[in-house]
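Topology and contacts: notes
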Amino acid sequence: MEKQLICSLSDDLKQLKKLPEISIVVPIYNEEETLIKLVKNIANYLVNYSSYEIICVDDGSQDGTTEILKRLAKERHDLIGIILRRNYGQTPAMAAGFEYAKGQIIVTLDGDLQNDPADIPQLIAKLNEGYDLVSGWRKNRQDDTLTRLLPSKIANWIIAKVTGVNLHDYGCSLKAYRAELIADMNLYGELHRFLPALAYIEGARIAEIPVGHHPRRYGKSKYGLGRTFRVIMDLLTVFFIKKFLTRPMHVFGSFGLGSILLGILLGAYLTYLKLGLGESIGQRPLLILAVLLVLTGVQLLSFGLLAELVMRTYHESQKRPIYRVREIIGKTLNRE
Ligand code: UDP
Ligand code: MG
């Protein structure tokens, strides 16, 4: 029995030794021109750490990315390629990387060399000062002013106000996390950028440091103005999650009750006019208002009840995966 315990302990230790200290997660969609250089660059800045793994998630690329990644992952011992079945989007691709990451520290960055892998050691150093999440701040962001910088400035300001986490640059993909922080996060939509806000709700200590940023020299951006709209919708979702998600009935229900109450008061006033003072009330706009208020109130109450049911289903269905893996190439450590 004792021997068994010692054996299993030493097995655990062996497994622990095999686990990398750092996992780098890169979502990649049609980045055939940068992939080789990117992996080389990242590896260059990680040689001083005891162990690391680079996880490239191919998000359904249609160019030569998949072939290059497969070849690289076979050649390199430090690279794992995860090939998704189709294009799911940056957030699901990152979620796939998180799922397979084994490091105690997880660093994310873009695959187009706009983020500079040279900043990775600084992020990790800051994290080791006692933070759970360190976010990059592209102080000299090299993107188009009108379509990218301006919308993102406005979005950052709104996000900071709504979530209470004051970061300058939510959209920066270059971020470092303690692995346990993202272990339980359920990501979907464009939510990866809100990880700091979601983490803050969970009590994470968050820091932001300036990082470099380069213009996109190869390929082109996968996004246009449409993303700002989706981001704002997701922001509303985060806000909703934070404030209302647990008890929607309390939100809609109180508006509903208020509305009914106001309607009844107006109704009482009109009844008094009719019965007490003998006035005609048939032509009064107030009558329509009173009826509307009562009806709207009843609808809001029912809506609250329905929302409560939907939320329950939502919570229970959180386990549903938001991506499917086609193939994994390279060593995945200790994966059952
Ligand atoms: N990306 C992805 N799936 C997508 C769109 C983008 O994996 O559907 C990756 C892309 O390859 C890049 C990162 O997400 O590594 C950021 O994309 P992009 O550089 O186009 O965004 P931008 O820098 O313009 O915000
Ligand atoms: Mg980019």
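Residues numbered from 1 in each chain as written. Chains lettered and ligands numbered in written order. Predicted model: local features only at pLDDT ≥ 70, side-chain atom pairs only at ≥ 80, totals over all residues.

**What to know about the overall build of the chain**
Our working rule: Secondary structure elements are defined from DSSP: runs of H or I of at least 4 residues count as helices, runs of E of at least 2 residues count as strands, and each element is numbered from the N terminus. Counting other C-beta atoms within 10 Å of a residue's C-beta gives its exposure: the residue is buried at 20 or more, exposed at 12 or fewer, and partly exposed in between, where C-beta atoms are placed from the backbone.
Broken down by element type, the chain carries 11 helices and 8 strands. The 336 residues of the chain split such that 37% are buried.

**Brief notes about the nonpolar core**
Most often, soluble globular proteins keep nonpolar side chains buried together rather than apart. Stated formally: For this entry, the nonpolar core is defined as buried Ala, Val, Leu, Ile, Met, Phe, Trp, Tyr and Cys residues connected by C-beta atoms within 7 Å. Note on contacts: residues are paired as contacts if their backbone-placed C-beta atoms lie within 7 Å.
Of all hydrophobic cores here, the largest spans 63 residues; its most connected members are Ile 24, Ile 55, Val 57 and Val 107. Non-local contacts of Val 57, meaning those with residues more than four positions away in its chain, are made with Val 26, Pro 27, Ile 28, Ile 82, Leu 84, Ala 93, Ala 96 and Gly 97.

**Some thoughts on the UniProt feature "domain: Glycosyltransferase 2-like" (unreviewed entry) in the chain**
To be explicit about the condition: UniProt positions are given in the numbering used here, feature names are shortened, and annotations may be inferred rather than shown by experiment.
Here, the residues flagged by UniProt with the feature "domain: Glycosyltransferase 2-like" (unreviewed entry) are residues 23–182. End C-alpha atoms of residues 23–182 are separated by 13 Å, and the span's content is 39% helix alongside 21% strand.

**Quick word on the site of ligand 1**
Applied cut-off: Using a C-beta atom placed from the backbone, a residue is described as near a molecule or strand when that atom lies within 6 Å of it. Put simply, Ala, Val, Leu, Ile, Met, Phe, Trp, Tyr, Cys and Pro go in the nonpolar bin, Asp, Glu, Lys and Arg in the charged bin, and everything else, Gly too, in the polar bin.
Surveying the vicinity of ligand 1 reveals 16 residues, the closest of which are Pro 27, Tyr 29, Gly 111, Ser 221 and Lys 222. By residue class, the composition of the shell around ligand 1 is 5 nonpolar, 6 polar and 5 charged.

**A closer look at the sheet that holds strand E7 (residues 206–211)**
Keep this limit in mind: Two strands qualify as a pair provided that DSSP identifies no fewer than 2 bridges between them. To obtain each axis, a line is fitted to C-alpha atoms, and for helices this fit is confined to the stretch in contact; angles are then taken between N-to-C directions over 0 to 180 degrees.
Taken together, the 8 strands give an open sheet; going across it, the order is E7-E5-E6-E4-E1-E2-E3-E8, and neighbouring strands pair in mixed fashion. Each edge of the sheet is formed by a strand with only one pairing partner; in this case those strands are E7 and strand E8 (325–329). Pairs of neighbouring strands in the sheet enclose a mean axial angle of 20 degrees, with direction left out of account. Looking at chain direction, strand E1 (residues 22–28) and strand E2 (residues 52–58) are connected through 7 bridges and run parallel. Each bridged residue has a counterpart across the sheet, and for Ile 22 the counterpart in E2 is Tyr 52.

**Focus on helix H4 (residues 90–100)**
The buried fraction of H4 amounts to 9 of the 11 residues, a majority that puts the element mostly inside the structure. Along H4, the residues classified as buried are Gln 90, Thr 91, Pro 92, Ala 93, Met 94, Ala 95, Ala 96, Gly 97 and Phe 98. Contact partners of the buried residues in H4: E1, E2, strand E3 (79–84), strand E4 (105–108), helix H7 (179–183) and E8.

**Comments concerning the UniProt feature "transmembrane region" (unreviewed entry) in the chain**
Using the residue numbers shown here, the UniProt feature "transmembrane region" (unreviewed entry) corresponds to residues 251–273 and 285–310. For residues 251–273, helix accounts for 100% and strand for 0%, while the C-alpha atoms at its two ends are 34 Å apart.

**Re the domain arrangement of the chain**
Rules: Segment limits for the domains were obtained from an automatic or database-derived domain assignment.
Along its sequence, the chain is carved into domain 1 (17–244) and domain 2 (249–317). For domain 1 versus domain 2, the separation of C-alpha centres amounts to 47 Å.

**With respect to the pairing of E3**
What counts, and what does not: Place the viewer so that the strands point away; then a crossover is right-handed whenever the path from the first strand over the helix to the second strand goes clockwise.
The buried fraction of E3 is high, at 6 of 6 residues. Burial along E3 is two-sided: the residues Leu 79, Gly 81 and Ile 83 and Ile 80, Ile 82 and Leu 84 are all buried. When E2 meets E3, the two strands line up parallel, connected through 5 bridges. Looking across to E3, one finds that Cys 56 is bridged to Gly 81. In this fold, the crossover linking E2 to E3 by way of helix H3 (residues 65–75) has right-handed handedness. The pairing of E3 with E8 spans 4 bridges and is classified as antiparallel.

**Thoughts on unusual backbone geometry**
Residue Asn 30 is not a glycine yet carries a positive backbone phi of 55 degrees. Structurally, the position occupied by Asn 30 is in the loop between E1 and helix H2 (35–44). With phi around 65 degrees, Leu 113 is a residue other than glycine that occupies positive phi space. Mapping Leu 113 onto the fold places it in the loop between E4 and helix H5 (120–127). A tally of 21 C-beta atoms within 10 Å means that Leu 113 is categorised as buried.

**Side note on the environment of Lys 222**
Following the sequence through the fold, Lys 222 ends up in the loop between E7 and helix H9 (226–243). On the neighbour-count criterion, Lys 222 (15 C-beta atoms within 10 Å) is partly exposed.

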